[in-house]
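# Fold and contact review
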Amino acid sequence: MQPLAELKPVVDEAIAPERPIIQVSGLDHVYPSRDGPVHALSDIALTVGEGRFVVIVGPSGCGKSSLLMMLAGLRHQTAGTILCSGRPITDPDPDRVGVVFQEANLFPWLTAIDNVAFPLALRGVSRAERAARANAMLELVGLGDAGGRYPHELSGGMKQRVSIARGLVQDPPVLLMDEPFAALDEQTRMAMGEELLRIWSATRKTVVFVTHSLTEAVYLADEVLVMSARPGRIVDRMEVELPRPRTYEMMAGAVFGRLRDRIWQQIKAPAR
Amino acid sequence: MRSSLPVLLGRALLIAAFLGAWEALPRLGVADPELLPPFSTVLGTLWGLLARPALRADLAITTVQLLVAVAVALPVGTLLGLLLSENPRLGAIFDPLVFFLFSIPKSIFLPMFILTMGIGFWQKVAFGVFSTVFIVLMSATAAVRAVRPDHVFVARAFGATRAQIAWRVYLPSMLPILLEGFRLAVIFGFTAVLLAEMYASRTGMGHQIASWGENFMMDRLFAGVLLLAIVAIVLNEAIRAVEVRCSHWRS
(Lines give C-alpha, C1' and ligand atoms only; values in the text may rest on other atoms or scores of the structure.)
Protein backbone atom coordinates (compact mmCIF):
# COMPACT_ATOMS: atom_id res chain seq x y z
CA MET A 1 0.00 0.00 0.00
CA GLN A 2 2.77 2.41 0.88
CA PRO A 3 4.29 2.68 -2.63
CA LEU A 4 0.84 3.29 -4.11
CA ALA A 5 0.12 6.16 -1.75
CA GLU A 6 3.40 7.73 -2.69
CA LEU A 7 2.54 7.44 -6.32
CA LYS A 8 -0.81 9.11 -5.90
CA PRO A 9 0.21 12.78 -6.23
CA VAL A 10 1.89 11.96 -9.51
CA VAL A 11 -1.26 10.32 -10.78
CA ASP A 12 -3.35 13.32 -9.72
CA GLU A 13 -1.10 15.63 -11.63
CA ALA A 14 -1.47 13.51 -14.70
CA ILE A 15 -5.26 13.50 -14.46
CA ALA A 16 -5.70 17.14 -13.54
CA PRO A 17 -2.73 19.12 -14.80
CA GLU A 18 -4.65 22.38 -14.70
CA ARG A 19 -3.89 24.99 -12.08
CA PRO A 20 -6.76 26.76 -10.30
CA ILE A 21 -7.70 29.98 -12.06
CA ILE A 22 -10.81 30.94 -10.09
CA GLN A 23 -10.96 30.48 -6.35
CA VAL A 24 -14.05 31.42 -4.40
CA SER A 25 -14.29 31.02 -0.67
CA GLY A 26 -16.77 31.87 2.08
CA LEU A 27 -18.98 33.77 -0.34
CA ASP A 28 -22.17 35.14 1.18
CA HIS A 29 -24.69 37.51 -0.26
CA VAL A 30 -27.55 39.25 1.49
CA TYR A 31 -29.49 42.04 -0.16
CA PRO A 32 -32.26 44.25 1.21
CA SER A 33 -35.77 44.06 -0.23
CA ARG A 34 -39.22 45.34 0.66
CA ASP A 35 -39.89 42.12 2.60
CA GLY A 36 -36.67 42.40 4.58
CA PRO A 37 -33.17 41.12 3.86
CA VAL A 38 -32.88 38.26 1.36
CA HIS A 39 -30.18 35.66 1.86
CA ALA A 40 -29.27 34.95 -1.76
CA LEU A 41 -25.99 33.05 -1.51
CA SER A 42 -24.63 31.12 1.41
CA ASP A 43 -21.09 29.93 2.03
CA ILE A 44 -20.13 29.34 -1.59
CA ALA A 45 -16.71 27.80 -2.11
CA LEU A 46 -15.46 26.61 -5.45
CA THR A 47 -12.32 26.22 -7.48
CA VAL A 48 -12.17 26.24 -11.23
CA GLY A 49 -9.14 24.72 -12.91
CA GLU A 50 -7.53 26.43 -15.86
CA GLY A 51 -8.98 25.37 -19.18
CA ARG A 52 -11.94 23.59 -17.61
CA PHE A 53 -15.56 23.85 -18.67
CA VAL A 54 -17.56 24.21 -15.46
CA VAL A 55 -21.33 24.45 -15.46
CA ILE A 56 -23.32 25.81 -12.55
CA VAL A 57 -26.86 24.48 -12.57
CA GLY A 58 -29.71 25.20 -10.20
CA PRO A 59 -33.38 26.13 -9.95
CA SER A 60 -34.44 29.62 -10.98
CA GLY A 61 -33.85 32.21 -8.32
CA CYS A 62 -31.07 30.22 -6.63
CA GLY A 63 -28.61 33.03 -7.17
CA LYS A 64 -26.50 31.34 -9.83
CA SER A 65 -26.63 34.37 -12.09
CA SER A 66 -25.77 36.63 -9.17
CA LEU A 67 -22.78 34.42 -8.45
CA LEU A 68 -21.65 34.75 -12.05
CA MET A 69 -22.08 38.54 -11.97
CA MET A 70 -19.88 38.59 -8.88
CA LEU A 71 -17.23 36.57 -10.70
CA ALA A 72 -17.46 39.24 -13.41
CA GLY A 73 -17.01 42.02 -10.85
CA LEU A 74 -20.39 43.47 -11.82
CA ARG A 75 -21.99 42.86 -8.46
CA HIS A 76 -20.50 42.90 -4.97
CA GLN A 77 -20.84 40.11 -2.45
CA THR A 78 -21.62 40.75 1.20
CA ALA A 79 -18.78 38.54 2.41
CA GLY A 80 -16.10 36.22 1.07
CA THR A 81 -13.39 36.46 -1.54
CA ILE A 82 -13.16 35.81 -5.24
CA LEU A 83 -9.72 35.32 -6.73
CA CYS A 84 -9.06 35.15 -10.43
CA SER A 85 -5.51 34.42 -11.58
CA GLY A 86 -4.51 34.89 -7.95
CA ARG A 87 -5.85 38.44 -7.60
CA PRO A 88 -9.21 39.50 -6.10
CA ILE A 89 -12.03 40.50 -8.43
CA THR A 90 -13.69 43.69 -7.21
CA ASP A 91 -14.57 45.47 -10.45
CA PRO A 92 -15.06 44.38 -14.04
CA ASP A 93 -11.69 43.42 -15.49
CA PRO A 94 -12.01 42.51 -19.16
CA ASP A 95 -8.38 41.44 -19.27
CA ARG A 96 -9.18 38.56 -16.95
CA VAL A 97 -12.83 37.73 -17.67
CA GLY A 98 -15.09 38.06 -20.69
CA VAL A 99 -18.85 37.92 -20.20
CA VAL A 100 -21.67 36.60 -22.38
CA PHE A 101 -25.15 37.55 -21.21
CA GLN A 102 -28.51 35.80 -21.43
CA GLU A 103 -29.80 38.26 -24.00
CA ALA A 104 -27.07 38.89 -26.53
CA ASN A 105 -27.40 42.60 -25.66
CA LEU A 106 -25.66 43.82 -28.77
CA PHE A 107 -25.69 47.55 -29.44
CA PRO A 108 -28.27 47.99 -32.22
CA TRP A 109 -26.49 51.05 -33.65
CA LEU A 110 -23.26 49.11 -34.30
CA THR A 111 -22.58 46.50 -36.96
CA ALA A 112 -21.67 42.98 -35.87
CA ILE A 113 -17.97 43.66 -36.28
CA ASP A 114 -18.15 46.94 -34.34
CA ASN A 115 -20.05 45.17 -31.58
CA VAL A 116 -17.28 42.58 -31.34
CA ALA A 117 -14.64 45.33 -31.40
CA PHE A 118 -16.45 47.38 -28.73
CA PRO A 119 -14.31 46.18 -25.78
CA LEU A 120 -11.19 46.99 -27.81
CA ALA A 121 -12.48 50.45 -28.68
CA LEU A 122 -12.85 51.12 -24.94
CA ARG A 123 -9.16 50.33 -24.57
CA GLY A 124 -8.09 52.67 -27.35
CA VAL A 125 -6.84 49.85 -29.59
CA SER A 126 -6.06 51.19 -33.06
CA ARG A 127 -8.73 50.95 -35.74
CA ALA A 128 -6.75 48.53 -37.91
CA GLU A 129 -5.98 46.17 -35.04
CA ARG A 130 -9.59 46.33 -33.85
CA ALA A 131 -10.86 45.33 -37.26
CA ALA A 132 -8.35 42.49 -37.58
CA ARG A 133 -9.04 41.02 -34.14
CA ALA A 134 -12.81 41.41 -34.36
CA ASN A 135 -12.79 39.81 -37.76
CA ALA A 136 -10.74 36.86 -36.48
CA MET A 137 -13.28 36.38 -33.67
CA LEU A 138 -16.20 36.49 -36.10
CA GLU A 139 -14.43 33.86 -38.20
CA LEU A 140 -13.99 31.76 -35.08
CA VAL A 141 -17.71 31.81 -34.31
CA GLY A 142 -18.55 31.11 -37.95
CA LEU A 143 -19.80 34.58 -38.89
CA GLY A 144 -16.86 35.74 -40.99
CA ASP A 145 -19.10 37.18 -43.68
CA ALA A 146 -21.73 38.83 -41.45
CA GLY A 147 -19.52 41.54 -39.99
CA GLY A 148 -21.27 44.36 -41.81
CA ARG A 149 -24.76 43.43 -40.66
CA TYR A 150 -26.69 45.19 -37.92
CA PRO A 151 -28.14 43.17 -35.01
CA HIS A 152 -31.71 43.51 -36.30
CA GLU A 153 -30.54 41.70 -39.44
CA LEU A 154 -29.24 38.71 -37.43
CA SER A 155 -31.10 35.69 -36.07
CA GLY A 156 -31.14 34.92 -32.34
CA GLY A 157 -28.40 32.31 -32.69
CA MET A 158 -26.23 34.61 -34.78
CA LYS A 159 -26.62 37.42 -32.24
CA GLN A 160 -25.46 35.09 -29.48
CA ARG A 161 -22.45 34.08 -31.60
CA VAL A 162 -21.56 37.75 -32.00
CA SER A 163 -21.91 38.11 -28.24
CA ILE A 164 -19.53 35.18 -27.70
CA ALA A 165 -17.06 36.73 -30.14
CA ARG A 166 -17.30 39.98 -28.17
CA GLY A 167 -16.63 38.10 -24.92
CA LEU A 168 -13.51 36.52 -26.43
CA VAL A 169 -12.09 39.47 -28.35
CA GLN A 170 -9.81 40.68 -25.56
CA ASP A 171 -8.47 37.16 -25.19
CA PRO A 172 -9.29 36.84 -21.47
CA PRO A 173 -8.36 33.51 -19.88
CA VAL A 174 -11.88 33.14 -18.45
CA LEU A 175 -15.23 33.32 -20.21
CA LEU A 176 -18.34 33.69 -18.04
CA MET A 177 -21.64 32.74 -19.64
CA ASP A 178 -24.98 33.55 -18.06
CA GLU A 179 -27.64 31.25 -19.55
CA PRO A 180 -26.53 32.35 -23.00
CA PHE A 181 -28.85 30.05 -24.90
CA ALA A 182 -31.94 30.34 -22.71
CA ALA A 183 -33.74 32.66 -25.11
CA LEU A 184 -33.13 30.42 -28.15
CA ASP A 185 -35.41 27.75 -29.56
CA GLU A 186 -34.55 24.08 -28.94
CA GLN A 187 -32.84 23.33 -32.28
CA THR A 188 -30.76 26.50 -32.22
CA ARG A 189 -29.89 25.80 -28.64
CA MET A 190 -28.54 22.33 -29.45
CA ALA A 191 -26.56 23.65 -32.38
CA MET A 192 -25.15 26.47 -30.29
CA GLY A 193 -24.05 24.03 -27.59
CA GLU A 194 -22.12 22.05 -30.15
CA GLU A 195 -20.71 25.26 -31.60
CA LEU A 196 -19.63 26.48 -28.18
CA LEU A 197 -17.73 23.26 -27.50
CA ARG A 198 -15.96 23.64 -30.83
CA ILE A 199 -14.99 27.23 -29.99
CA TRP A 200 -13.92 26.18 -26.51
CA SER A 201 -11.67 23.39 -27.80
CA ALA A 202 -10.19 25.82 -30.32
CA THR A 203 -9.40 28.49 -27.71
CA ARG A 204 -8.85 26.43 -24.53
CA LYS A 205 -10.46 29.11 -22.37
CA THR A 206 -11.73 28.43 -18.91
CA VAL A 207 -15.52 28.59 -19.11
CA VAL A 208 -17.98 29.06 -16.28
CA PHE A 209 -21.44 28.51 -17.66
CA VAL A 210 -24.70 29.05 -15.81
CA THR A 211 -27.88 27.25 -16.87
CA HIS A 212 -31.07 25.76 -15.53
CA SER A 213 -31.08 23.03 -18.16
CA LEU A 214 -29.86 19.67 -16.86
CA THR A 215 -29.23 18.31 -20.34
CA GLU A 216 -27.19 21.34 -21.33
CA ALA A 217 -25.19 21.05 -18.12
CA VAL A 218 -24.17 17.42 -18.63
CA TYR A 219 -23.64 17.81 -22.36
CA LEU A 220 -21.25 20.75 -22.03
CA ALA A 221 -19.42 20.30 -18.75
CA ASP A 222 -16.21 18.79 -17.46
CA GLU A 223 -17.60 19.46 -14.03
CA VAL A 224 -21.10 20.32 -12.86
CA LEU A 225 -21.78 22.33 -9.71
CA VAL A 226 -25.33 21.98 -8.44
CA MET A 227 -26.87 24.81 -6.48
CA SER A 228 -29.84 24.64 -4.12
CA ALA A 229 -32.79 26.98 -3.97
CA ARG A 230 -32.37 30.18 -1.98
CA PRO A 231 -30.20 30.70 -0.08
CA GLY A 232 -28.08 29.32 -2.89
CA ARG A 233 -25.34 26.98 -1.82
CA ILE A 234 -23.38 24.35 -3.70
CA VAL A 235 -24.95 21.02 -2.80
CA ASP A 236 -23.21 18.70 -5.24
CA ARG A 237 -20.25 18.62 -7.52
CA MET A 238 -19.65 15.98 -10.18
CA GLU A 239 -17.16 15.15 -12.88
CA VAL A 240 -18.68 14.39 -16.26
CA GLU A 241 -16.54 11.53 -17.46
CA LEU A 242 -17.83 11.46 -20.99
CA PRO A 243 -15.25 11.55 -23.78
CA ARG A 244 -14.85 14.57 -26.01
CA PRO A 245 -15.91 15.55 -28.54
CA ARG A 246 -19.38 15.12 -27.09
CA THR A 247 -22.03 13.80 -29.43
CA TYR A 248 -25.79 13.90 -29.57
CA GLU A 249 -25.86 10.09 -29.17
CA MET A 250 -24.25 10.32 -25.74
CA MET A 251 -27.42 11.92 -24.40
CA ALA A 252 -29.19 8.58 -24.76
CA GLY A 253 -26.40 6.74 -22.92
CA ALA A 254 -26.44 5.38 -19.36
CA VAL A 255 -23.70 7.71 -18.05
CA PHE A 256 -25.54 10.75 -19.29
CA GLY A 257 -28.82 9.61 -17.80
CA ARG A 258 -27.24 8.80 -14.46
CA LEU A 259 -25.62 12.25 -14.17
CA ARG A 260 -28.74 14.02 -15.29
CA ASP A 261 -30.77 12.11 -12.76
CA ARG A 262 -28.31 12.87 -9.99
CA ILE A 263 -28.64 16.62 -10.67
CA TRP A 264 -32.41 16.34 -10.79
CA GLN A 265 -32.53 14.57 -7.41
CA GLN A 266 -30.50 17.43 -5.95
CA ILE A 267 -32.53 20.31 -7.27
CA LYS A 268 -36.03 18.91 -7.06
CA ALA A 269 -35.89 18.04 -3.36
CA PRO A 270 -35.78 21.56 -1.92
CA ALA A 271 -38.43 22.70 -4.36
CA ARG A 272 -41.08 20.56 -2.65
CA MET B 1 -38.57 55.32 -46.01
CA ARG B 2 -38.32 55.90 -49.75
CA SER B 3 -41.29 57.38 -51.50
CA SER B 4 -42.77 55.51 -54.43
CA LEU B 5 -43.22 57.03 -57.87
CA PRO B 6 -47.01 57.59 -57.54
CA VAL B 7 -46.43 59.45 -54.28
CA LEU B 8 -43.76 61.66 -55.82
CA LEU B 9 -45.97 62.30 -58.82
CA GLY B 10 -48.89 63.18 -56.57
CA ARG B 11 -46.77 65.60 -54.62
CA ALA B 12 -45.57 67.34 -57.79
CA LEU B 13 -49.18 67.65 -58.94
CA LEU B 14 -50.24 69.12 -55.61
CA ILE B 15 -47.51 71.74 -55.70
CA ALA B 16 -48.31 72.57 -59.32
CA ALA B 17 -52.01 72.92 -58.47
CA PHE B 18 -51.24 75.17 -55.51
CA LEU B 19 -48.93 77.47 -57.49
CA GLY B 20 -51.33 77.38 -60.45
CA ALA B 21 -54.21 78.54 -58.23
CA TRP B 22 -51.99 81.24 -56.74
CA GLU B 23 -51.23 82.43 -60.26
CA ALA B 24 -54.75 82.09 -61.67
CA LEU B 25 -56.97 83.46 -58.90
CA PRO B 26 -55.64 87.06 -58.95
CA ARG B 27 -55.32 87.05 -62.73
CA LEU B 28 -58.91 85.91 -63.22
CA GLY B 29 -60.07 88.55 -60.80
CA VAL B 30 -61.37 86.04 -58.28
CA ALA B 31 -58.87 87.39 -55.72
CA ASP B 32 -57.85 91.01 -55.44
CA PRO B 33 -54.34 91.25 -57.01
CA GLU B 34 -53.63 94.09 -54.60
CA LEU B 35 -54.05 91.67 -51.72
CA LEU B 36 -52.77 88.55 -53.44
CA PRO B 37 -50.26 89.28 -56.19
CA PRO B 38 -49.88 86.42 -58.70
CA PHE B 39 -47.11 83.91 -58.07
CA SER B 40 -45.06 85.04 -61.07
CA THR B 41 -45.11 88.65 -59.83
CA VAL B 42 -43.98 87.56 -56.37
CA LEU B 43 -41.23 85.46 -57.91
CA GLY B 44 -40.05 88.47 -59.92
CA THR B 45 -40.08 90.64 -56.80
CA LEU B 46 -38.14 88.00 -54.89
CA TRP B 47 -35.50 87.92 -57.61
CA GLY B 48 -35.21 91.69 -57.46
CA LEU B 49 -34.99 91.66 -53.65
CA LEU B 50 -32.27 89.05 -53.62
CA ALA B 51 -30.18 91.29 -55.87
CA ARG B 52 -30.17 93.95 -53.12
CA PRO B 53 -27.24 93.66 -50.65
CA ALA B 54 -29.37 95.17 -47.87
CA LEU B 55 -31.84 92.34 -48.07
CA ARG B 56 -29.15 89.70 -48.23
CA ALA B 57 -27.70 91.26 -45.06
CA ASP B 58 -31.13 91.01 -43.40
CA LEU B 59 -31.44 87.37 -44.38
CA ALA B 60 -27.93 86.68 -43.11
CA ILE B 61 -28.51 88.34 -39.74
CA THR B 62 -31.74 86.42 -39.14
CA THR B 63 -30.06 83.13 -40.05
CA VAL B 64 -27.03 83.83 -37.86
CA GLN B 65 -29.23 84.81 -34.90
CA LEU B 66 -31.14 81.56 -35.30
CA LEU B 67 -28.01 79.43 -35.61
CA VAL B 68 -26.33 81.03 -32.58
CA ALA B 69 -29.49 80.60 -30.51
CA VAL B 70 -29.77 76.94 -31.50
CA ALA B 71 -26.03 76.36 -30.96
CA VAL B 72 -26.47 77.57 -27.36
CA ALA B 73 -29.81 75.89 -26.69
CA LEU B 74 -28.85 72.42 -27.95
CA PRO B 75 -25.92 71.64 -25.62
CA VAL B 76 -27.40 73.57 -22.66
CA GLY B 77 -30.82 71.90 -23.01
CA THR B 78 -29.28 68.46 -23.53
CA LEU B 79 -27.00 68.76 -20.51
CA LEU B 80 -29.81 70.09 -18.29
CA GLY B 81 -32.06 67.26 -19.48
CA LEU B 82 -29.36 64.70 -18.70
CA LEU B 83 -28.73 66.23 -15.29
CA LEU B 84 -32.41 66.21 -14.35
CA SER B 85 -33.09 62.69 -15.55
CA GLU B 86 -29.92 61.19 -14.05
CA ASN B 87 -30.71 62.70 -10.63
CA PRO B 88 -34.28 61.60 -9.91
CA ARG B 89 -34.62 63.83 -6.84
CA LEU B 90 -33.35 66.91 -8.64
CA GLY B 91 -35.62 66.02 -11.53
CA ALA B 92 -38.64 65.77 -9.22
CA ILE B 93 -37.87 69.17 -7.70
CA PHE B 94 -37.45 70.95 -11.00
CA ASP B 95 -40.19 69.09 -12.85
CA PRO B 96 -43.05 71.58 -12.23
CA LEU B 97 -40.89 74.61 -13.03
CA VAL B 98 -39.62 73.08 -16.26
CA PHE B 99 -43.09 72.02 -17.27
CA PHE B 100 -44.51 75.51 -16.65
CA LEU B 101 -41.75 77.17 -18.61
CA PHE B 102 -42.27 74.63 -21.39
CA SER B 103 -46.00 75.26 -21.49
CA ILE B 104 -46.36 79.05 -21.38
CA PRO B 105 -46.16 80.96 -24.67
CA LYS B 106 -42.69 82.47 -24.78
CA SER B 107 -43.86 85.58 -26.67
CA ILE B 108 -45.35 87.09 -23.52
CA PHE B 109 -41.81 87.50 -22.16
CA LEU B 110 -40.63 89.43 -25.21
CA PRO B 111 -41.16 92.91 -23.67
CA MET B 112 -38.94 91.90 -20.73
CA PHE B 113 -36.15 90.87 -23.06
CA ILE B 114 -36.41 94.26 -24.78
CA LEU B 115 -36.38 96.12 -21.46
CA THR B 116 -33.33 94.29 -20.21
CA MET B 117 -31.35 93.71 -23.40
CA GLY B 118 -32.46 96.33 -25.90
CA ILE B 119 -33.35 95.41 -29.46
CA GLY B 120 -30.00 94.25 -30.84
CA PHE B 121 -28.44 90.97 -31.97
CA TRP B 122 -28.04 89.37 -28.52
CA GLN B 123 -31.59 90.14 -27.49
CA LYS B 124 -32.80 88.10 -30.49
CA VAL B 125 -30.39 85.33 -29.63
CA ALA B 126 -31.39 85.29 -25.96
CA PHE B 127 -35.06 85.17 -26.82
CA GLY B 128 -34.33 82.39 -29.32
CA VAL B 129 -32.49 80.39 -26.66
CA PHE B 130 -35.26 80.96 -24.13
CA SER B 131 -37.84 79.77 -26.64
CA THR B 132 -36.03 76.55 -27.56
CA VAL B 133 -34.04 75.38 -24.56
CA PHE B 134 -37.05 73.80 -22.85
CA ILE B 135 -37.99 71.87 -25.97
CA VAL B 136 -34.47 70.44 -26.11
CA LEU B 137 -34.57 69.73 -22.38
CA MET B 138 -37.85 67.83 -22.66
CA SER B 139 -36.66 65.80 -25.61
CA ALA B 140 -33.37 65.01 -23.83
CA THR B 141 -35.36 63.73 -20.86
CA ALA B 142 -37.38 61.48 -23.17
CA ALA B 143 -34.18 60.38 -24.91
CA VAL B 144 -32.57 59.31 -21.65
CA ARG B 145 -35.50 56.98 -21.08
CA ALA B 146 -34.58 55.28 -24.37
CA VAL B 147 -31.21 54.21 -22.95
CA ARG B 148 -31.45 50.54 -22.02
CA PRO B 149 -29.95 49.59 -18.64
CA ASP B 150 -28.82 46.29 -20.22
CA HIS B 151 -26.60 48.17 -22.62
CA VAL B 152 -25.07 50.18 -19.80
CA PHE B 153 -24.48 46.94 -17.90
CA VAL B 154 -22.72 45.35 -20.88
CA ALA B 155 -20.51 48.38 -21.32
CA ARG B 156 -19.60 48.23 -17.63
CA ALA B 157 -18.78 44.52 -17.96
CA PHE B 158 -16.22 45.41 -20.60
CA GLY B 159 -14.67 48.03 -18.34
CA ALA B 160 -16.21 51.22 -19.73
CA THR B 161 -15.63 54.38 -17.72
CA ARG B 162 -18.46 56.83 -17.01
CA ALA B 163 -17.33 59.07 -19.84
CA GLN B 164 -17.17 56.11 -22.23
CA ILE B 165 -20.66 55.02 -21.20
CA ALA B 166 -21.92 58.56 -21.87
CA TRP B 167 -20.24 58.78 -25.25
CA ARG B 168 -20.65 55.23 -26.52
CA VAL B 169 -23.96 54.12 -25.00
CA TYR B 170 -25.99 57.16 -23.96
CA LEU B 171 -25.30 59.32 -27.00
CA PRO B 172 -26.11 56.76 -29.71
CA SER B 173 -29.17 55.54 -27.78
CA MET B 174 -30.45 59.09 -27.34
CA LEU B 175 -29.56 60.48 -30.75
CA PRO B 176 -32.71 59.57 -32.72
CA ILE B 177 -35.06 61.16 -30.17
CA LEU B 178 -32.67 64.02 -29.53
CA LEU B 179 -32.51 64.92 -33.22
CA GLU B 180 -36.29 65.00 -33.41
CA GLY B 181 -36.23 67.50 -30.55
CA PHE B 182 -33.50 69.48 -32.29
CA ARG B 183 -35.64 69.76 -35.39
CA LEU B 184 -38.55 71.11 -33.36
CA ALA B 185 -36.17 73.49 -31.59
CA VAL B 186 -34.97 74.91 -34.90
CA ILE B 187 -38.55 75.49 -36.06
CA PHE B 188 -39.54 77.18 -32.80
CA GLY B 189 -36.27 79.09 -32.70
CA PHE B 190 -36.94 80.45 -36.18
CA THR B 191 -40.38 81.61 -35.10
CA ALA B 192 -38.93 83.23 -31.98
CA VAL B 193 -36.21 85.16 -33.80
CA LEU B 194 -38.64 86.38 -36.48
CA LEU B 195 -41.17 87.38 -33.87
CA ALA B 196 -38.57 89.34 -31.92
CA GLU B 197 -37.52 91.07 -35.12
CA MET B 198 -41.09 91.93 -36.07
CA TYR B 199 -41.80 93.25 -32.59
CA ALA B 200 -38.84 95.60 -32.27
CA SER B 201 -35.76 95.64 -34.43
CA ARG B 202 -33.76 97.64 -36.93
CA THR B 203 -32.53 94.65 -38.93
CA GLY B 204 -33.49 91.17 -39.99
CA MET B 205 -36.10 89.52 -42.17
CA GLY B 206 -38.77 89.80 -39.50
CA HIS B 207 -38.28 93.55 -39.36
CA GLN B 208 -38.53 93.78 -43.16
CA ILE B 209 -41.65 91.67 -43.35
CA ALA B 210 -43.34 93.72 -40.65
CA SER B 211 -42.55 96.99 -42.42
CA TRP B 212 -43.66 95.66 -45.84
CA GLY B 213 -46.93 94.59 -44.26
CA GLU B 214 -47.46 97.95 -42.59
CA ASN B 215 -46.74 99.72 -45.88
CA PHE B 216 -49.06 97.45 -47.85
CA MET B 217 -46.30 96.13 -50.13
CA MET B 218 -47.94 92.81 -50.70
CA ASP B 219 -45.64 91.53 -53.44
CA ARG B 220 -42.59 92.03 -51.19
CA LEU B 221 -44.41 90.60 -48.21
CA PHE B 222 -45.20 87.44 -50.14
CA ALA B 223 -41.67 87.29 -51.53
CA GLY B 224 -40.32 87.45 -47.97
CA VAL B 225 -42.69 84.70 -46.87
CA LEU B 226 -41.57 82.55 -49.77
CA LEU B 227 -37.91 83.13 -48.95
CA LEU B 228 -38.33 82.28 -45.26
CA ALA B 229 -40.34 79.19 -46.13
CA ILE B 230 -37.45 78.01 -48.30
CA VAL B 231 -34.94 78.62 -45.48
CA ALA B 232 -37.14 76.71 -43.02
CA ILE B 233 -37.58 73.78 -45.39
CA VAL B 234 -33.84 73.54 -46.09
CA LEU B 235 -32.99 73.55 -42.36
CA ASN B 236 -35.69 71.02 -41.59
CA GLU B 237 -34.65 68.63 -44.34
CA ALA B 238 -30.97 68.92 -43.41
CA ILE B 239 -31.67 67.80 -39.84
CA ARG B 240 -33.99 65.10 -41.07
CA ALA B 241 -31.24 63.72 -43.28
CA VAL B 242 -28.96 63.47 -40.24
CA GLU B 243 -31.84 61.89 -38.31
CA VAL B 244 -32.30 59.18 -40.93
CA ARG B 245 -28.59 58.42 -40.91
CA CYS B 246 -28.54 58.09 -37.13
CA SER B 247 -31.67 56.05 -36.62
CA HIS B 248 -31.54 53.46 -39.41
CA TRP B 249 -31.01 50.80 -36.74
CA ARG B 250 -34.33 51.51 -35.05
CA SER B 251 -36.37 49.78 -37.76
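Residues numbered from 1 in each chain as written. Chains lettered and ligands numbered in written order. Predicted model: local features only at pLDDT ≥ 70, side-chain atom pairs only at ≥ 80, totals over all residues. Heavy atoms only, no water.

## Considering the packing of aromatic side chains
The final tally for this structure, using the stated rule, is 14 aromatic pairs over all chains. Ring centres of Phe 53 of chain A and Trp 200 of chain A lie 5.5 Å apart, and the angle between their planes is 85°; this geometry places the pair in the edge-to-face category. Linking Phe 53 of chain A in strand S3 (residues 53-57) with Trp 200 of chain A in helix H6 (residues 186-203), this pair joins segments that are 147 residues apart in sequence. By relative accessible area, Trp 200 of chain A is classed as buried at 5%. Connected via pairs of aromatic rings, a cluster forms that spans Phe 109, Phe 113, Phe 127, Phe 130 and Phe 134 of chain B. The ring of Phe 107 of chain A has Arg 166 of chain A sitting right over it, with the charged end atom 5.9 Å from the ring centre. One Lys or Arg, Arg 204 of chain A, reaches over the ring of Trp 200 of chain A and ends 4.8 Å from the middle of that ring. (Phe/Tyr/Trp six-rings, centres within 6.5 Å; stacked < 30°, edge-to-face > 60°. Helix = DSSP H or I, 4+ residues; strand = E, 2+ residues; numbered from the N terminus. Buried < 20%, exposed > 50% of the residue type's maximum accessible area, 1.4 Å probe, protein only. Lys NZ or Arg CZ within 6 Å of the ring centre and 35° of its normal.)

## Focus: the packing of helix H8 (residues 162-199) of chain B against helix H10 (residues 218-246) of chain B
Residue and element names in this part refer to chain B. Relative to each other, H8 and H10 sit at 170°, their axes nearing to 9 Å. By the angle between their axes, H8 is roughly antiparallel relative to H10. Where H8 approaches H10, its residues Leu 175, Pro 176, Leu 179, Glu 180, Phe 182, Arg 183, Val 186, Ile 187, Phe 190 and Leu 194 are matched on the opposing element by Leu 228, Val 231, Ala 232, Leu 235, Asn 236, Ile 239, Arg 240, Val 242, Glu 243 and Cys 246. Of the residues that constitute the contact of H8 with H10, the class distribution is 15 nonpolar, one polar and four charged. (Axes fitted to C-alpha atoms, helices over the stretch in contact; angles between N-to-C directions. Parallel < 35°, antiparallel > 145°, perpendicular 65-115°, else oblique. Contact = heavy atoms within 4.5 Å. Nonpolar A, V, L, I, M, F, W, Y, C, P; charged D, E, K, R; others polar.)

## Comments concerning the pairing of strand S9 (residues 223-227) of chain A
All names here are of chain A. When you tally the buried positions in S9, you get five out of five residues, the bulk of the element. Side chains Glu 223, Leu 225 and Met 227 of S9 all project onto a buried face; the interleaved residues Val 224 and Val 226 project onto the opposite face, where all are buried too. By the bridge criterion, four bridges tie S3 to S9 in an arrangement that is parallel. Bridge pairing in S9 places Val 57 opposite Val 226. Counting the residues in the hairpin turn of S9 and strand S10 (residues 234-239) gives six residues. (Pairing = 2+ DSSP bridges.)

## Points about a nonpolar patch on the surface
Residue and element names in this part refer to chain B. A contiguous nonpolar surface patch, about 290 Å² in accessible area, is contributed by Val 72, Val 76, Leu 80 and Leu 83. Topologically, Val 72 is positioned in helix H3 (residues 53-86). When its relative accessible area of 36% is taken as the criterion, Val 72 is described as partly exposed. (Patch = residues over 30% accessible without salt bridge, like charges linked within 9 Å, V, L, I, M, F, W, Y side chains within 5 Å. Areas by Shrake-Rupley, 256 points an atom, 1.4 Å probe, with all protein chains shown as cover. Salt bridge = Lys/Arg side-chain N within 4 Å of Asp/Glu carboxyl O.)

## A look at the interface of chain A and chain B
If you look at the interface, chain A gives 19 residues, while chain B gives 19 residues. Counting the surface lost from both chain A and chain B, the interface buries some 2,000 Å², and carbon and sulfur atoms represent 70% of this. Of all residues in chain A, the largest losses of buried area upon contact with chain B belong to Leu 74, Trp 109 and Leu 122 of chain A, amounting jointly to 33% of the total for that side. Linking chain A with chain B are zero salt bridges, by the criterion used here. Linking chain A with chain B are four residue pairs in polar contact (both at pLDDT 80 or more), by the criterion used here. Put simply, the parts of the chain that give the side of chain A that touches chain B at least two residues each are helix H3 (112-122) and helix H5 (156-168) of chain A. Looking at the side of chain A that touches chain B residue by residue, the classes come out as 15 nonpolar, three polar and one charged. (Buried area = accessible area lost by both parts, 1.4 Å probe. Polar contact = N/O pair within 3.5 Å; in protein donor to acceptor, adjacent residues only side chain to side chain.)

## So, the domain arrangement of chain B
Residues and elements named next belong to chain B. Once the domains are mapped, chain B shows domain 1 (1-35) and domain 2 (37-250). A C-alpha centroid distance of 29 Å is found between domain 1 and domain 2. The interface is formed by eight residues belonging to domain 1 together with 10 residues belonging to domain 2. Of the roughly 830 Å² buried at the junction of domain 1 and domain 2 (both faces included), carbon and sulfur atoms supply 65%. For the domain 1 face of the interface with domain 2, the top three residues by lost area are Trp 22, Glu 23 and Leu 35, together amounting to 59%. Applying the counting rule to domain 1 against domain 2 returns zero salt bridges. (Domains from an automatic or database assignment.)

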